Amino acid sequence: MQTDYGTPDWGRVAHLFKLGIVAALLALIGGDMMLGWGTADLSLTGMAQYFSRYSTVSDTRIFWAALLGMTGIAIESMSFFGIYRVIAAKSEKYAHAYRAGLIGMLIFGPFCHVMCCATIYFYNAVKRINPDMAIHEALKFAKLFLAPVSVVFFAFFLIMNIVQIAAFAKGETPYPRWCLVFTMLTGIMDIVIMRMFGNRAWAYALATGWLSVGSLITFSGLLLNMPKDKD
């Protein structure tokens, strides 16, 4: 038996979605693209080739990428409470599960981004001192500090997105069921598409921001398809 828990405050929901769009653009351009803009040295292989795209990223760029990305992701995460309000209007069970994932993402998302920036800074700093040790030390740093927070973040990220898809698919929101396509997971398409363009700075930069691209698609799609009948 389906129970309605109330009508969402559509004005507030729309405001949160619009704020989320702005925040996603801030995180994408100011955080992800600023950090990921570079080309790889194709004469190298493995992790050496991967890290080579960041060899020209200045400490100033890393600082601003960390600060703007952290700010954008925090605001972006809070904007997802618009989706929480939409789910809560139909299902308390799904809303509680979604909120649990969202709170975890709000806590660990900005932290995870900053640790990504810190790993790049550490790699470049070691490279300036001892180029032969840069990859080894950067990977060690990533295993000790970046990997743990990334695992926790993605656990909450998956909970949030799986619950959202399930709620929309089962009609536990005022939206049409097909709107389940508007989730952050759509950002994975960004990585696939950008890989087709090869070793280009803008392609790497956009691929770096796949999570922000997913958020941008989510907020935009749900805002544009907001139910006409809001009663």
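Preceding this section is the structure that the text describes.
Residues numbered from 1 in each chain as written. Predicted model: local features only at pLDDT ≥ 70, side-chain atom pairs only at ≥ 80, totals over all residues. Heavy atoms only, no water.

(A) Region of interest: a nonpolar patch on the surface. A cluster of nonpolar side chains, contributed by Trp37, Ile188, Met189, Val192, Ile193, Met196, Phe197, Trp202 and Ile217, occupies part of the molecular surface with about 860 Å² of accessible area. Per-element accounting of the nonpolar patch gives the leading share, four residues, to helix H7 (residues 188-195). By the element assignment, Phe197 lies in the loop between H7 and helix H8 (201-208). (Patch = residues over 30% accessible without salt bridge, like charges linked within 9 Å, V, L, I, M, F, W, Y side chains within 5 Å. Areas by Shrake-Rupley, 256 points an atom, 1.4 Å probe, with all protein chains shown as cover. Salt bridge = Lys/Arg side-chain N within 4 Å of Asp/Glu carboxyl O. Helix = DSSP H or I, 4+ residues; strand = E, 2+ residues; numbered from the N terminus.)

(B) Structural context of helix H5 (residues 92-129). The end-to-end C-alpha distance of H5, which contains 38 residues, comes to 55 Å, matching closely the 56 Å that a straight helix rising 1.5 Å per residue would cover. At Phe108, H5 shows its strongest bend, of approximately 30°, with the proline Pro110 following within four residues. (Expected span 1.5 Å × (residues − 1). Bend = angle between axes of the 7 residues up to and from the residue.)

(C) Spotlight on the environment of Met47. Mapped onto the secondary structure, Met47 falls in helix H2 (residues 46-52). Judged by its relative accessible area of 36%, Met47 is partly exposed. For the pair Met47 and Pro110, spaced 63 residues apart in the sequence, the C-alpha separation amounts to 24 Å. Apart from residues lying up to four places away in sequence, Met47 is in contact with Ile135 and Leu139. (Buried < 20%, exposed > 50% of the residue type's maximum accessible area, 1.4 Å probe, protein only. Contact = heavy atoms within 4.5 Å.)

(D) Structural context of the packing of aromatic side chains. This model, assessed by the stated rule, comprises 19 aromatic pairs. With a centroid separation of 5.0 Å and 45° between ring planes, the pair formed by Phe141 and Phe145 is classed as tilted. Of this pair, Phe141 and Phe145 are both found in helix H6 (residues 134-169), four residues apart, which corresponds to roughly one turn of the helix. Take Phe145: its relative accessible area is 43%, and that puts it in the partly exposed class. Three or more aromatic residues joined by ring pairs form one cluster here, namely Tyr50, Phe51, Tyr54 and Tyr123. One residue, Arg53, lies across the ring of Tyr204, its end atom 4.0 Å from the ring centre. Positioned above the aromatic ring of Tyr94 is the side chain of Lys93, whose terminal nitrogen or guanidinium carbon lies 5.0 Å from the ring centre. (Phe/Tyr/Trp six-rings, centres within 6.5 Å; stacked < 30°, edge-to-face > 60°. Lys NZ or Arg CZ within 6 Å of the ring centre and 35° of its normal.)

(E) Geometry of H8. Looking at H8, one finds that the buried residues are Ala201, Ala203, Tyr204, Ala205 and Ala207. At its buried positions, H8 is contacted by helix H1 (10-36), H7 and helix H9 (210-224).

(F) Here's a closer look at the nonpolar core. Membership of the largest hydrophobic core comes to 35 residues, with the highest contact counts inside it found for Phe17, Phe80, Ile83, Tyr98, Met105, Tyr175 and Leu222. Counting residues per element, this core draws most heavily on H6, which supplies ten residues. In this structure, Phe80 is in contact with Tyr98, Leu102, Met105, Met160, Met184, Ser215, Thr218 and Phe219, ignoring residues within four places of it in sequence. If you look at the next biggest cluster of nonpolar residues, it comprises 13 residues, including Phe51, Tyr123, Val126 and Ala138. (Core = buried A, V, L, I, M, F, W, Y, C linked by side-chain atoms within 4.5 Å.)

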